[in-house]
Amino acid sequence: MAIDKAIIKEIFLLLFEIIKALFEMLLGKIKGWFGLFWNRFFKLADVSYGEREEEPEQEWGVTGEDEWASIPEASLVKQEEPQQKVERREDVFSGEIQEIPGNYGDNRIVLMVRDPEWLFVYWELQGKFVDDVRSAMGSMAYSAKVVLRVYDVTDIIFNGNNAHKYFDIEIRGGARNWYIKVGESDRSFCVDMGFLTSYGTFFVIVRSNVVKTPRVGVSEIIDEEWMSVKELYEKVYIPAGSGVSESIFESAHKNWLETHKLGVSSTESFNCSTIIKK
Amino acid sequence: MGKGFLALVLHAHLPFVRHPEYEEFLEEDWLFEAITETYIPLINVFDRLIEEGIDFRITMSLSPPLISMLADELLQTRYIRYIEKRIQLTGKEIERTKHQKEFNSLARRYNANFTNARYVFAEKYQRNIVQAFKKFQDAGKVEVITCGATHGFLPLMNNNLNAIRAQIHVAVNHYQKHFGKRPNGIWLPECGYEQGIDWILKDAGIRFFITETHGILFATPRPKYGIYAPIYCPSGVAAFGRDVESSRQVWSSKEGYPGDFFYREFYRDVGYDLDYDYIRPYLHGDGKRSNIGIKYYRITGKTDQKEPYSHEMALDKAAEHAGNFMFNREKQIEYLASVMDRNPIIIAPYDAELFGHWWFEGPDWINYLFRKIAYDQKTISPITPMEYLELYPVNQVCKPSLSSWGYKGYCEYWLNESNDWIYRHLHKAAERMVELARTYSYTNVNPLQNRALNQASRELLLAQSSDWAFIMRTGTMVEYAIKRTKEHLSRFTRLCDDICSNTIDANWLTDIESKDNIFPEIDYRVYQ
């Protein structure tokens, strides 16, 4: 009998788990519906500010026949600056309070290179502009997510459909900027911000400039061209209008030395320094 | 002639900090400390070397904001007040320490140093020490090069060529005004280079710039001599790469000279150590303890029990380190010369303020280094990059790669979560400035509009200073950097709006002109 009791207990626990799981699924659905209604009526993507964790493995796709919404814009955007944690000093803040614009009335996205693996992108969008894109999408707007589509456009004139590959990053919350790990040096990139529907159709809101990540490592090209510049400078110039991390340097240096089979003198070692690069 | 060359490069820069609206201002001390501890000791070293007929070469970038502050009357007057207070305090210190022999001799030394600083500053160079560097340049010993107008980090200017061009051209014009000639070279702010910048330098008549090691090593095609000879960018501007070895010996927190236990400890200052009531008159108005510049202890070791500083022992160390540095460069040059078909050049660039301010004995080290190079060896000769180009006018053509000398070697130090919010504003402001310059270049502007347009250029340039992003990242004095960024951007925005709507407030304009008075000669058309 004792064994039977144990079995019955197990069965009950199992049933409980199943019910719990079903309940959670239902809750998820309700949340989803609620989100849709929220988007529909308040036109806001929800999401907490500041989750900008590294995007791990990117899945690269191939540029498809995405629909380019010629009508452009969105209010995915909180307008305040991030809170700066600062200790106030009286004399610094006793003067006039300086405020800078929270919004310039633009619809644009700007892409920048941080290093050989990371890009940085910021954007500004006006509600009206995003609404127009949304209306153009018709019923497909309901399930659409806001994404950054990152294209590899190395050595091509990008027309929206001819990228070598791309990946998407879903943007949530009031983010106004994002760090993008592309993980590839010496490649060119362009980013679209747009709506991705559950059917996989992509509607572009704004397109960024193109940037190129720098090359890492010694060039394979060894053609030598030499020049003298004396004549270039033989003219009169008229004034226009009237802490250090050593890893990259050291590895670059070693890399070069290995390539050239050079050695350098060894150095004596010295004591610990308290110097900090200003 | 020996087998190779050493080009010591010192980059002297401080952000433009000048607050006439306050009687005194904490951040103005950055300049005063640097004058006392770095610029004047270096001037003394150069003067003595010249007097004694010892040949030397040094390349120094003096950034336009630094030159502007050194030439500014208000700050000159304030410096005299600053140094006189220190002379007064060391007088008291001599009295206070009269029964402590070790400290007493140090107090006397500081008193002598400060008195000398006052003399060199106020009398010898008539308050404008830029003239000292001009004198050394005219003597052919120091090559003064320029920098970005306000030390703006060029690779993060979103390829706004007009904005980058303005940073370069304003700097070059400013240099010409102070040195009576155009600069041969430039220190790119933070060594920040990206492809294409060289064309703008070329356009300004600049012959060379210094770049980070991997900027050259990762260049395309592969540079035959690595960083031991310059390369020409496609524009014909030469790029010299920083030598890793010599940098590490001075910079490295593990192996660098400045950490020697006999050197002066930076972090033990009487501003923190002495009795509050005694030191209070020498602190700032808010009464917060801060550095005074009188430090009695040596690094000693990894301990809080610091021992008294002995200047004589520290000087012996500086001489020893200078000898070691020279020895290593000799070995390096001998080896390089054996594998290269020309005499190699080693580029050793440092922040000027490392010498004297952080590394108290740094100027003495430079002094010993040049004396030893002159008398103790025949392998290396000191040289400036320009002299090297005259010696070797034919060089390989390569495209350097994006690089900076900041943490990790690219843009991260100036673009991260502590400071990334500034770029949308800086980019927008630069675009608006270019638009304004275009609009008002072809129409008649009245004198008031002209002033407002010029002031808008100043505000933009000041906002672009890489120092603000740098400080936000380091985490000290952050509120000041934020305030400055917002202040210049908001002044710029208001000027811009007022110019467009033709509602310029002349009184307010006069007020900000008197505060942000950098580049009085600026012409906004530099942005067109």
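Below is a summary of the structure that appears in this document. Only a predicted model underlies this, so the values are computations on that prediction, with no experimental measurement involved.

## Considering helix α17 (residues 466-474) of chain B
Residues and elements named next belong to chain B. Counting buried positions over the 9 residues of α17 gives 7, a clear majority of the element. Along α17, the positions that sit buried rather than exposed are S466, D467, W468, A469, F470, I471 and M472. Elements in contact with the buried residues of α17: α1 (29-51), α15 (422-439), α16 (447-463) and α18 (478-501). Looking one or two places after α17, you find G475, whose phi comes out positive at around 90°.

## Some points on the nonpolar core
Counting 239 residues, the largest nonpolar core has L148 and I180 of chain A as the members making the most contacts within it. For this core, the element with the highest residue contribution is α1 of chain B, accounting for 12 residues. When neighbours within four sequence positions are excluded, I180 of chain A is seen to be in contact with E117, W118, L119, V121, L148, V150, F167, I169 and V191 of chain A. With 10 residues, the next largest nonpolar core counts Y151, V153, F158 and F202 of chain A among its residues.

## Focus: the pattern of salt bridges
Oppositely charged side chains may form a pair once their charged atoms are brought near each other. With the rule as written, the count across this model stands at 51 salt bridges over all chains. Salt bridges here are not isolated pairs; linked through shared partners, they connect R114 and D115 of chain A together with K408 and E412 of chain B.

## As for the layout of surface pockets
One number sums up the size of the second largest pocket: a volume of about 680 Å³. In terms of lining, the second largest pocket is formed by 28 residues, of which the most central are K212 and T213 of chain A together with E194, Q195 and L402 of chain B. Counting residues per element, the ones that place at least two in the lining of the second largest pocket are β1 (108-113) and β8 (211-212) of chain A. At 3 residues, β1 of chain A tops the list of elements feeding residues into the lining of the second largest pocket. A per-class count over the lining of the second largest pocket returns 14 nonpolar, 7 polar and 7 charged.

## Regarding the environment of G205 of chain B
By secondary structure assignment, the location of G205 of chain B is in the loop between α7 (197-203) and β5 (208-211). Taking the C-alpha atoms as reference points, G205 of chain B and V172 of chain B, separated by 33 residues in sequence, lie 8.8 Å from one another.

## So, the sheet that holds strand β2 (residues 118-124) of chain A
Residues and elements named next belong to chain A. The strand order across the open sheet formed by 3 strands is β1-β2-β5, and the pairing between neighbours is antiparallel. Every interior strand has two partners, whereas the edge strands, β1 and β5 (177-181), have only one. Within the sheet, the average angular offset between the axes of one strand and its neighbour, ignoring direction, is 20°. Direction of pairing for β2 relative to β5: antiparallel, over a ladder of 5 bridges.

## Brief notes about the packing of aromatic side chains
Here the structure, examined in full by the defined rule, presents 47 aromatic pairs over all chains. Ring geometry for W226 of chain A versus Y225 of chain B: centroids 6.0 Å apart, planes at 65°, classification edge-to-face. Highlighted residues: W226 of chain A in strand β9 (residues 226-228) and Y225 of chain B in the loop between α8 (213-217) and β6 (231-232), drawn from two different chains. Accessibility expressed as a relative area gives 30% for W226 of chain A, which makes it partly exposed. On the numbers, 5.9 Å between centres and 65° between planes, the contact of Y413 of chain B with W414 of chain B is edge-to-face. Classification of Y413 of chain B as buried rests on a relative accessible area of 13%. For W414 of chain B, a relative accessible area of 1% puts it in the buried group. For K92 of chain B, the ring lying beneath its charged end belongs to Y278 of chain B, and the centroid distance is 5.9 Å. We note K486 of chain B situated over the ring of W421 of chain B; from NZ or CZ to the ring centre the distance is 5.7 Å.

## Looking at helix α9 (residues 244-251) of chain B
Every α-helix winds through 3.6 residues per turn, so residues three or four apart in the chain are directed the same way. Among the 8 residues in α9 of chain B, 8 count as buried, and that is most of the element. Taken residue by residue, α9 of chain B has V244, E245, S246, S247, R248, Q249, V250 and W251 of chain B as its buried positions.

## Focus on the packing of α15 of chain B against α16 of chain B
Axis angle and axis distance: for two packed helices, these are the angle between their axes and the distance between the axes, and together they describe the pair. All names here are of chain B. The interhelical angle for the contact between α15 and α16, taken along N-to-C directions, is 155°, at an axis separation of 10 Å. Taken as axis vectors, α15 and α16 run roughly antiparallel relative to one another. Handedness of the α15/α16 crossing: left-handed. Judged by residue contacts, L426, A429, A430, M433 and L436 of α15 engage L453, A456, S457, L460 and A463 from α16. The class makeup of the residues in the contact of α15 with α16 is 9 nonpolar, 1 polar and no charged.

About the criteria used
Residues numbered from 1 in each chain as written. Chains lettered and ligands numbered in written order. Predicted model: local features only at pLDDT ≥ 70, side-chain atom pairs only at ≥ 80, totals over all residues. Heavy atoms only, no water. Buried < 20%, exposed > 50% of the residue type's maximum accessible area, 1.4 Å probe, protein only. Helix = DSSP H or I, 4+ residues; strand = E, 2+ residues; numbered from the N terminus. Contact = heavy atoms within 4.5 Å. Core = buried A, V, L, I, M, F, W, Y, C linked by side-chain atoms within 4.5 Å. Salt bridge = Lys/Arg side-chain N within 4 Å of Asp/Glu carboxyl O. 1 Å grid on protein atoms, 1.4 Å probe; cavity = no way out; pocket = protein on both sides within 12 Å on 5 of 7 lines; lining within 4 Å. Points joined across faces, edges and corners; volume = space filled by probe spheres on them. Nonpolar A, V, L, I, M, F, W, Y, C, P; charged D, E, K, R; others polar. Pairing = 2+ DSSP bridges. Axes fitted to C-alpha atoms, helices over the stretch in contact; angles between N-to-C directions. Phe/Tyr/Trp six-rings, centres within 6.5 Å; stacked < 30°, edge-to-face > 60°. Lys NZ or Arg CZ within 6 Å of the ring centre and 35° of its normal. Parallel < 35°, antiparallel > 145°, perpendicular 65-115°, else oblique. Left-handed = near helix turned anticlockwise from the far one by under 90°.

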